[in-house]
Each structure stands twice: as C-alpha cells, then as structure tokens.
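# Analysis of the macromolecular model
Spelled out from the first residue to the last, the chains are:
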Amino acid sequence: MTIENLSVNKSFGGWHKQYSHQSKTLNCTMRFAIYLPPQISSGSKVPVLYWLSGLTCTDENFMQKAGALRIAAQLGIAIVAPDTSPRGDDVADDEGYDLGKGAGFYVNATQAPWDRHYHMYDYVVNELPQLIKATFPVSNKRAIAGHSMGGHGALTIALRNPERYTSVSAFSPISNPLNCPWGEKAFSAYLGKDRATWREYDASELMRAATQFVPALVEQGASDDFLTEQLKPEALQSAANASGYPLTLNLHEGYDHSYYFISSFIEGHLRFHAEHLNKA
Ligand SMILES: N[C@@H](CCC(=O)N[C@@H](CS)C(=O)NCC(=O)O)C(=O)O
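Treat the numbers as computed from the prediction; the structure is a model and nothing was measured. (Residues numbered from 1 in each chain as written. Predicted model: local features only at pLDDT ≥ 70, side-chain atom pairs only at ≥ 80, totals over all residues. Heavy atoms only, no water.)

### Considering the sheet that holds strand β7 (residues 168-171)
- Read from one edge to the other, the open sheet built from 9 strands follows the order β1-β2-β3-β5-β4-β6-β7-β8-β9, with strand pairing classed as mixed. Looking at which strands have only one partner, the edges of the open sheet turn out to be β1 (3-11) and β9 (247-252). Adjacent strand axes in the sheet meet at a mean angle of 20° when their direction is disregarded.
- Where strand β2 (residues 14-23) and strand β3 (residues 28-36) come together, 9 bridges link them in antiparallel fashion. By the bridge assignment for β3, Y19 is matched with F32.
- Across the face of the sheet, helix α4 (residues 149-160) comes into contact with β4 (46-52), β6 (138-147) and β7 while running at roughly 135° to β6. (Pairing = 2+ DSSP bridges. Helix = DSSP H or I, 4+ residues; strand = E, 2+ residues; numbered from the N terminus. Axes fitted to C-alpha atoms, helices over the stretch in contact; angles between N-to-C directions. Contact = heavy atoms within 4.5 Å.)

Listed below in structure tokens is the structure:
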C-alpha cells in the first residue's frame, strides 16, 4: 500500500493533509484528505470521523468550507474526507452533474460501464479505513457523516454496518433515493432495472427494518431547494418511528442546501460524534 503526500497545511495546531493512492477497489488513483488534530503529537491515537460529500464535490469542499477543523482540534478527532467517485481519463462519466464522476452515490455498481470503477461503498467501508489505520495514529473508533448524496452514503453505510460506527450524522441527506429523481437516475444506471437491488442503498428502507441501532443525528434546512423533490426527510422520520430508531431530525427555518448551512451547525455534529466516540 503506497500512498503519496500531496499537501500539508498546519491548522488549529493540527495538520490538514492530502494524499493520493492507487485504489484496488476502485481500480484507479484516488485522492483523499485527512485532518490530524494536535493530540497526535503526544503519541495519542485519535478516533476518526469519515465525512462523505455531496454531488460535484471532491475531498476539498468540506475541509475548506465547513469550519470543522477548529472543533476537531479541540475534541481530538481526525477527519477523513474521500472523493465522491472514482477519477481518471478511463473512468466512465456522464454529461449530467448527478451521474458519473463526482456522483458515485456510495454504491457498488453492477452494470456496465460503471461496474469497472464505481465501487464507492466498498472503498469507504473497507479499503479506505484499512489504509487510514495502517498509515496514521488512529484508534479503532469510527463515526461517519455526510451531506446530501454523502448524507445518504453515511446513513446507509452506518445502517448496514452498525458494529463499525459509534454514531452517524447527516446534513440534508437524500433520505429515500428509491423515490426521488437523483436516486432513480443513479440507481438505474449503477444497479440496473431491478428495483429490489436498490433497497440495500435506501436509508429509509434500511432504517425501517433496523434492529441494531447507531445513534443518528440529521440536520435539514427548511429553505433547501431540493427538500421536497429530492431529500424527503419525512420518509426517514416515518421509518425511524416504525422501528423505534434513535434518530434526531432537526428542521431549520430559512437555511438552504449549502455549506453556509453546514458550517452553521457542524459544531453540534462534531460534539455529538465526540460523545459517542469517547464512550468505552
Ligand atoms: N446543481 C448544483 C448541485 C450540486 C450541489 O448542490 N452540490 C452540493 C452537494 S449536493 C455541494 O456540496 N456543492 C459543492 C459546494 O457547495 O461546495 C451544482 O451543480 O452546483
């Protein structure tokens, strides 16, 4: 496992770093970012929050715009931000911003031409955490969070792997991709026509059937342009009610879909994760 360091920036006493590596799972070269808090200087192993970004993003959007690093430094949490899809000239793409590069949807594609590279589910669940553990001073404690498409990714990954994550949170997640245009377009392409195969990537379906619980926190802006057609947090709430899932869903008057919204509430999410990551 060779990885190459691309950048280092000291920030709030810790370090923001970007790396590239050859991913076996995605069959291409990938970039990710990690924030290492100051606590690693004393030889401590720190827990990790994985952040999954939304459509059109790379590893950079969250690290530059969310205002998370000051709080992560205080709390002693590392943050890992992967890219949102496989990358490279030989990777299949689409003209739309909501399919192909920048839009991997955190699934394992089964349909050509996408199945050659688009295995973001396995990358985030298996390969990336193994690489992070082998390379950085991190403990086995892991949490996961994300925005929009990344909120869908974080919720579905935590719901399917409850033993791996202490907590999950999301901003403006695509909560019911089976029943929205973004989800229908991406899942038809990546997973094919059989909608039965889509269910394992739908947060509301998974939450409704859940028997093992990972504490979940969701933030949603009431003035988000995507709220009614694409995001459907009411489907997630009704699923949580059905299974008794420990979901806290907060709706915020006037906030939209942007990083202005995320940066307004990120501190609460980091503190929520710290509380669960620091439990024995
Ligand atoms: N039509 C929009 C949709 C993309 C969008 O809103 N992306 C969100 C995630 S779903 C985002 O985080 N954009 C990058 C940013 O704000 O830094 C665009 O192409 O700009």
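Past the structure itself, the notes keep going.
### Some remarks on the packing of aromatic side chains
- Applying the stated rule across the entire model yields 17 aromatic pairs.
- When the centroid spacing of 4.6 Å and the interplanar angle of 45° are considered together, the rings of W182 and F226 count as tilted. Of this pair, W182 sits in helix α5 (residues 181-191) while F226 sits in the loop between β8 (216-221) and α7 (227-231); the two residues are 44 residues apart in sequence, bridging distant segments of the chain.
- Given a relative accessible area of 3%, W182 falls into the buried group.
- When its relative accessible area of 27% is taken as the criterion, F226 is described as partly exposed.
- Chaining the aromatic ring pairs together yields one cluster made of W51, F62, F171, Y255, F261 and F265.
- Lying across the ring of Y121, R160 places its NZ or CZ 4.2 Å from the centre.
- R160 extends its terminal NZ or CZ atom over the ring of Y201, reaching a point 4.9 Å from the ring centre. (Phe/Tyr/Trp six-rings, centres within 6.5 Å; stacked < 30°, edge-to-face > 60°. Buried < 20%, exposed > 50% of the residue type's maximum accessible area, 1.4 Å probe, protein only. Lys NZ or Arg CZ within 6 Å of the ring centre and 35° of its normal.)

### Focus on the pattern of salt bridges
- Within the structure shown, the criterion is met by 10 salt bridges.
- In this structure, E184 and R195 form a salt bridge, with 3.9 Å as the shortest nitrogen-oxygen distance. Here R195 lies in the loop between α5 and α6 (203-209) and E184 lies in helix α5, a separation of 11 residues in the sequence.
- The exposure class of E184 is partly exposed, given its relative accessible area of 33%.
- Note that R199 and E205 form a salt bridge whose closest N and O atoms lie 2.7 Å from each other.
- The class of E205 is partly exposed, set by a relative accessible area of 25%.
- Each of R31, D59 and E60 takes part in a single network of salt bridges with overlapping partners. (Salt bridge = Lys/Arg side-chain N within 4 Å of Asp/Glu carboxyl O.)

### A few points about the pairing of β1
- As paired strands, β1 and β2 are joined by 8 bridges and run antiparallel to one another. By the bridge assignment for β2, S11 is matched with G14.
- Once β1 ends, the chain turns through 2 residues before running back antiparallel as β2, passing F12 with a positive phi of about 50°.

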